Amino acid sequence: MQRPVEREWELSIDPETVRLLAGKARAISAALNTDYDGGHEHEVEIDGDARDRHQHDGLIEEEEEDLTEEEFRELVADLNVDELADLVALAWIGRGDYDVSEWANAVADARQHGAKHVATYLLGMPMLCDWLIDGLDALGVS
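Note that the structure is predicted; figures quoted are calculated from it, not measured. What you see as residue numbers is a count from 1 along each chain, following the sequence as written. Per-residue local features of the predicted model are confined to residues with pLDDT of at least 70, and side-chain atom pairs are confined, for both listing and counting, to 80 or more; whole-chain, interface and lining totals are unaffected and use all residues. As a convention, hydrogens and water are excluded, and side-chain values are obtained from all of the structure's heavy atoms.

A. Representation of the packing of helix α1 (residues 15–31) against helix α6 (residues 128–139) in the model. Where α1 contacts α6, the two axes come as close as 8 Å, and the packing angle between them is 160°. On the basis of their axis angle, the class for α1 and α6 is roughly antiparallel. Two packed elements cross with a definite hand, and for α1 against α6 that hand is left-handed. Note on element contacts: α6 touches α1 through L128, C129, D130, L132, I133 and L136, opposite P15, V18, R19, A22, A25 and R26. Axes, fitted as lines to C-alpha atoms, cover a helix only where it is in contact. Angles between the N-to-C directions of the axes lie from 0 to 180 degrees. Helix and strand assignments come from DSSP, with helices taken as H or I runs of at least 4 residues and strands as E runs of at least 2, each series counted from the N terminus. Reported orientations rely on four angle classes, namely roughly parallel under 35 degrees, roughly antiparallel over 145, roughly perpendicular from 65 to 115, and oblique for the rest. Crossing handedness is defined as follows: a turn of the near helix away from the far one that is anticlockwise and smaller than a right angle gives a left-handed crossing, while the clockwise case is right-handed. Whether two residues touch is decided by their heavy atoms; if any such pair falls within 4.5 Å, the residues are in contact.

B. How the structure looks around the pattern of salt bridges. One speaks of a salt bridge when a side-chain nitrogen belonging to Lys or Arg is within 4 Å of a carboxyl oxygen belonging to Asp or Glu. Following the criterion strictly, the structure yields 6 salt bridges and no others. The shortest N-O distance in the salt bridge between E71 and K24 comes to 2.8 Å. Of this pair, E71 sits in helix α2 (residues 68–77) while K24 sits in helix α1, and the two are 47 residues apart along the sequence. Think of it in three bands: residues with accessible area under 20% of the maximum for their type are buried, residues over 50% are exposed, and the middle band is partly exposed, with areas taken using a 1.4 Å probe on protein chains only. Relative accessible area serves as the criterion here: at 19%, K24 is assigned to the buried category. Salt-bridge contacts for E69 lead to R73; the nearest nitrogen and oxygen are separated by 3.0 Å. On the criterion of helical spacing, the pair formed by E69 and R73 is a turn pair, its members being 4 residues apart in helix α2.

C. Representation of the nonpolar core within the structure. We call a set of buried Ala, Val, Leu, Ile, Met, Phe, Trp, Tyr and Cys residues a nonpolar core when their side-chain atoms join them within 4.5 Å. Membership of the largest hydrophobic core comes to 35 residues, with the highest contact counts inside it found for F72, L87, L90 and L122. No other element matches helix α3 (residues 81–95), which puts 9 residues into this core. The contacts of L90, once residues within four sequence positions are left out, are L11, I13, V18, W103, W131, L132, G135, L136 and L139.

D. Layout of the packing of α3 against helix α4 (residues 103–113). One way to put it is that α3 packs onto α4 with a least axis distance of 8 Å and a crossing angle of 120°. Between α3 and α4, the interaxial angle falls into the category oblique. Between α3 and α4 lies a crossing whose hand is right-handed. Residues D82, A85, D86, V88, A89, L90, W92 and I93 of α3 touch α4, and the partners they reach there are W103, A106, V107, D109, A110, R111 and H113. Taken together, the residues of the contact of α3 with α4 break down into 10 nonpolar, 1 polar and 4 charged. Residue polarity follows a fixed list, in which Ala, Val, Leu, Ile, Met, Phe, Trp, Tyr, Cys and Pro are nonpolar, Asp, Glu, Lys and Arg are charged, and the others, Gly among them, are polar.

E. Seen up close, the environment of E74. Note that E74 resides in helix α2. E74 sits 45 residues away from A119 along the chain, and the two C-alpha atoms are 8.7 Å apart.

F. Highlighting α2. Turning to α2, its buried residues are T68, F72 and V76. End-on, the buried residues of α2 take up no more than an arc of 75°, which puts them together on one face. An arc is given here, and it is the one of the directions from the helix axis to the C-beta atoms.

Keep in mind these values describe shape, not function.
Put into structure tokens, the structure is as follows:
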């Protein structure tokens, strides 16, 4: 009779929370303005004779604010220190900075990173969604 292989890691954060955050990260990434050329916004030329012929309807035209980033930040702010460390470690494993066998080191290093600006740090990762999902996959969390 074979003994089951023990995991070298224990996940403090619920995988569904990670998936939710990954989905929000994907939505944030998709909403980024791609109207840049070489990192600069396109210039807009305004003709001095042009008139604003558009009829404004006040609040009806007010754009609906995308709250996805705010929701992401609030969800991260609600996590405890252990969950934050796991979240950052998952992103690092998904990015390839650590191997699954280095889970404890990744979590320890993530704790050293601190909990103050985790949302900002994570949102600075260009492929955060993929890296979080890849981190879960690497740990065998389905």
